[in-house]
Amino acid sequence: MSDSDKTGMTGSTGTTVSTRATTDGGSTAPGGPTTPGGPTTPGGPTTPGGPTTPGGPTAPGGAPHTTSATVLAPLDDRLPDLVALYKDLHQHPELGFQETRTAAEAARRLTGYGYEVTTGIARTGVVGVLRNGPGPVVLLRADMDALPVTEDSGLDYASAVPGRMHACGHDVHVTCLLGAADLLAAARDHWSGTLIALFQPAEEVGSGARAMLDAGLYRKDLVPTPDVVLAQHVAPFGAGLIAYCPGACMAAADSLEITFHGTGGHGSRPETTVDPILMAASFVQRVQSVVAREVAPKDRAVVTVGSFHAGDTANVIPERAVVRLSVRTFDETVRTAVLAAIDRIARAEATASGADRAPETELIDSFPVTVNDPATLRKVNAEFTRLFGEQRLFEYEPATGSEDAGILATAAGAPLYYWWLGGWDPDAFRTALAAGRLAQDIPSNHSPRFVPVVRPTLTMGVQALTAAALDQLAPGAAGAAEAD
């Protein structure tokens, strides 16, 4: 990275309005991620077409939507700094609840923009509050954590931290929210209300949003209770596009660790043992029947075994085997039934093997179903259509990936709108789509090769967050004059 690219993490902090620090107010989250539980590929973006590069905030007929266009006008000048920030964040990924460097940069910039800043919420969470007269309270959220993945992108700004990578695009989310927070702060005469910029730790383990709430996010008035929560996630479809899903848009996820107990011994005398490897292997096979034979075809569920550990050498039958699996569902009744079936099968296999101890099941992390509010979605999408043109938006099927942003909305009794932001090279995506090779040629989130294109991903991400916030805030004096 050249010296000019380092400007994203250095320089003047600007004028500090108010900075506060808190201690963790009761988070029960683990110290770092164990199994990636964040979103993967949207379930249905199969026909995204239209332009490949955002041409600026214009309505379908070509005329700019005045207030948004005015607020977004400085973005071109700010983009080089945002690109440098993004590359720096990408080079320095931090795992869940360890995002100290990222959090410090978010706090520094928010302070410079004029926000009241609170740090240290659930260890590394950061919020900035900008009070700007009467009107709605709008919360914009970005997650900050990276994954325990070794990057294989070959980029000159690839991760400099061994075994750590922003493989889910959270560096994009942080950069876009900071860009939107800057533009909205600089255009306060165009809107009225209160804006919250929230930078959340540990989304990948499903604990960050809950930990911030447990630390008193709303209860201790660290931020006003929002009237609406808005968030976006970069995904592997063409950059310059936005995908949306009304209603239940992402699955609930439960990550389980099941420990099977046997009786160890010498590999030459298996008759003296109870083999936990055979016990667990039988479970892995049979548990695949849960979705195939116990979930109705009209319902959706996924059960995936992602980890199996037992023993250390070839001639010793170990005392235990540990299996980790992920469960995805969209309905609480289905979720309860699937989890019960998994427990039943684990216990049955232990009994069948003659184990003298029942298996132990631990819930590692859990995400609720993410549900978009249809009315908020329609209203914000109307603004997106005015800005970008209807050809930039497309609807997708509910995704089996998972997300914890909805917890922030549910706790506030507020509607949520969570959309997907295209991040892949548009030409490469169209080529793979035409060849029927999306799964083979386009890396998904969590892949060591998932690195979004810088432009127009960052441009579109900042524009979308800014426009969505303006749509939900009340008009300011300048915005009302433009509307007249």
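Cut-offs used in this document
Residues numbered from 1 in each chain as written. Predicted model: local features only at pLDDT ≥ 70, side-chain atom pairs only at ≥ 80, totals over all residues. Heavy atoms only, no water. Axes fitted to C-alpha atoms, helices over the stretch in contact; angles between N-to-C directions. Helix = DSSP H or I, 4+ residues; strand = E, 2+ residues; numbered from the N terminus. Parallel < 35°, antiparallel > 145°, perpendicular 65-115°, else oblique. Left-handed = near helix turned anticlockwise from the far one by under 90°. Contact = heavy atoms within 4.5 Å. Phe/Tyr/Trp six-rings, centres within 6.5 Å; stacked < 30°, edge-to-face > 60°. Buried < 20%, exposed > 50% of the residue type's maximum accessible area, 1.4 Å probe, protein only. Polar contact = N/O pair within 3.5 Å; in protein donor to acceptor, adjacent residues only side chain to side chain. Pairing = 2+ DSSP bridges. Core = buried A, V, L, I, M, F, W, Y, C linked by side-chain atoms within 4.5 Å.

J.: What's the story with the packing of helix α9 (residues 374-388) against helix α13 (residues 457-472) in this structure? I'm lost.
T.: Geometrically, a packed helix pair is captured by the angle between its two axes and the distance between the axes. Taken N-terminus to C-terminus, the directions of α9 and α13 make an angle of 125°; their axes are 9 Å apart at the nearest point. By the angle between their directions, the pair α9 and α13 is classed as oblique. Regarding α9 and α13, the two cross each other, and that crossing is right-handed. Across the interface between the two elements, Thr 376, Lys 379, Val 380, Glu 383, Phe 384, Arg 386, Leu 387 and Phe 388 from α9 touch Met 460, Gln 463, Ala 464, Ala 467, Ala 468, Asp 471 and Gln 472 from α13.

J.: Can you walk me through the packing of aromatic side chains in this structure?
T.: Two measures describe an aromatic ring pair: the distance that separates the ring centres and the angle between the ring planes. Applying the stated criterion to the full structure yields nine aromatic pairs. Geometrically, the ring pair formed by Phe 237 and Phe 394 is edge-to-face, given 5.1 Å between the ring centres and 80° between the ring planes. In this pair, Phe 237 sits in strand β6 (residues 228-238) while Phe 394 sits in strand β16 (residues 393-395), placing the two residues 157 residues apart along the sequence. Here Phe 237 matches Phe 394 in class, with each residue buried. Among the aromatic residues, those joined into a cluster by ring pairs are Phe 384, Phe 388, Tyr 417 and Trp 419.

J.: Explain the side chain of His 446 to me, please; I cannot follow it from the model alone.
T.: Tracing the backbone shows His 446 in the loop between α12 (438-441) and α13. We classify His 446 as buried; its relative accessible area is 18%. One polar contact links His 446 to Glu 204, side chain to side chain, over a distance of 3.3 Å.

J.: For this particular structure, what's the right way to read the sheet that holds strand β14 (residues 360-367)?
T.: Think of a sheet as strands paired side by side through backbone hydrogen bonds, with each pair either parallel or antiparallel. Taken in spatial order, the four strands make up an open sheet running β11-β13-β9-β14, and their pairing is antiparallel. Where the open sheet ends on each side, the last strands, each with one partner, are β11 (301-310) and β14. Each strand axis lies, on average, 15° off the axis of its neighbour in the sheet, ignoring direction.

J.: Explain the environment of Leu 110 here, please?
T.: Following the sequence through the fold, Leu 110 ends up in helix α3 (residues 100-113). Judged by relative accessible area, Leu 110 falls into the buried class, the value being 0%. Once the C-alpha coordinates of Leu 110 and Leu 130 are considered, the two residues, 20 residues apart in sequence, prove to be 9.5 Å apart. Look past the residues within four positions of Leu 110 in its chain and what remains in contact with it is Tyr 115, Val 117, Val 126, Val 127, Gly 128, Leu 178, Ala 181, Ala 197 and Phe 199.

J.: Teacher, can you tell me more about the nonpolar core here?
T.: The nonpolar side chains of soluble globular proteins are, as a tendency, buried together. Core analysis: the biggest nonpolar cluster contains 115 residues, and Leu 110, Phe 199, Leu 217 and Phe 384 have the highest contact counts within it. When residues in this core are grouped by element, the largest group, 10 residues, is from helix α4 (residues 170-186). Look past the residues within four positions of Phe 384 in its chain and what remains in contact with it is Ile 242, Gly 389, Leu 393, Tyr 417, Trp 419, Ala 464, Ala 467 and Ala 468. Core analysis: the second largest hydrophobic core is formed by 23 residues, Leu 256, Ile 258, Val 290 and Leu 325 among them.

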